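Each chain, letter by letter, is given below.
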Amino acid sequence: MSKTVKLQELKKQYEFACNEYVKKFCNKQQIDFDGWISDEVGGVALFGNLLQESYETVKKLDAQNNALKQIFETEAQIAFLKEYLADVTNRYGLELVSATDGYTKYAAAVKGTAIEGEKARDIFSSFSGASAKLGLNAEQQAGIFKALEQMISKGTVQAEELRGQLGDRMPGAFKLFADAAGVSTKELGEMLKKGEVLADDILPKVAEKLNETYNLGTGETIDTLAAAQNRLKNSWTSFLDQT
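Now for a quick tour of the structure. Quick caveat, the model's predicted, so the values are computed rather than measured.

**As for the overall build of the protein**
And then number 1: Helices and strands together make up the secondary structure of the protein, namely twelve helices and zero strands.
And then number 2: Starting at the N terminus and walking to the C terminus, you meet the elements of the protein as α-α-α-α-α-α-α-α-α-α-α-α.
And then number 3: Pairs at least 24 apart in sequence give 67% of the contacts found in the protein among residues at least 6 apart.
And then number 4: Total accessible area on the protein stands at roughly 13,700 Å², and carbon and sulfur atoms take up 51% of it.

**Brief notes about helix H11 (residues 199-213)**
And then number 1: If you check H11, its first and last C-alpha atoms are 20 Å apart, about what 15 residues at 1.5 Å a residue would give, namely 21 Å.
And then number 2: Taken as a whole, H11 has its buried residues at Ala199, Ile202, Leu203, Pro204, Val206, Ala207 and Leu210.
And then number 3: On its buried face, H11 sits against helix H6 (118-133), helix H7 (138-154) and helix H9 (173-181).
And then number 4: Where H11 ends, the next residue or the one after it, Asn215, has phi of about 55 degrees, a positive value.

**Considering the pattern of salt bridges**
And then number 1: For the structure on display, the rule yields seven salt bridges.
And then number 2: With a closest N to O distance of 3.0 Å, Asp179 and Lys175 form a salt bridge. Placement of the pair is Asp179 and Lys175 together in helix H9, with a separation of four residues, close to one helical turn.
And then number 3: Exposure remark for Asp179: the relative accessible area of 34% places this residue in the partly exposed category.

Basis of the calculations
Residues numbered from 1 in each chain as written. Predicted model: local features only at pLDDT ≥ 70, side-chain atom pairs only at ≥ 80, totals over all residues. Heavy atoms only, no water. Helix = DSSP H or I, 4+ residues; strand = E, 2+ residues; numbered from the N terminus. Contact = heavy atoms within 4.5 Å. Areas by Shrake-Rupley, 256 points an atom, 1.4 Å probe, with all protein chains shown as cover. Expected span 1.5 Å × (residues − 1). Buried < 20%, exposed > 50% of the residue type's maximum accessible area, 1.4 Å probe, protein only. Salt bridge = Lys/Arg side-chain N within 4 Å of Asp/Glu carboxyl O.

Below, the structure is given as structure tokens:
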């Protein structure tokens, strides 16, 4: 597919996302772009804001692309990752730029470990889906992936990350980890003190528990106002990333 054709397809996707958003949440059938533009003041403000936001987004995308090149060896691997993240963020209605930020740091942590590759993506997908089901914002989601990143970097799960960073954002996280390990919460506490909970062993099991608990992996999409707004924003972000 040529770049021109790809841009045209992305443009169509963005227009579709815009109209789906207003149909569901603004009680309109479609966006009246002509009406906005005909209002001189409103049109200038609209496109002025869009231009500024686009500039900031392009700067973030450029930084992300540079970071991804340090982690992944080929353009094909980066393209595969972007397709994966586009699918996850569209399915769960998460914001693409912040999700890519989280995954970039997470990918650097899992590189060279036993969970690098498909297992790492499964873990990321499960925690992303759970975050969406819990209605967490981008900052809270970033905190969860920061906790996972630290667990993997240290090699063992520490009480600080599990009870603090993760537990503060994801209710029931400690019990979830205990269930995944097949022990009681008291036993898990003792295991954490002894450094016996290995990150690359427990995290795939926790991902399976999250799938069961939040009914993930069924192809279901999150359909909320926040999710619709993020999908709309992501369509424009994808367009900018291809220009």
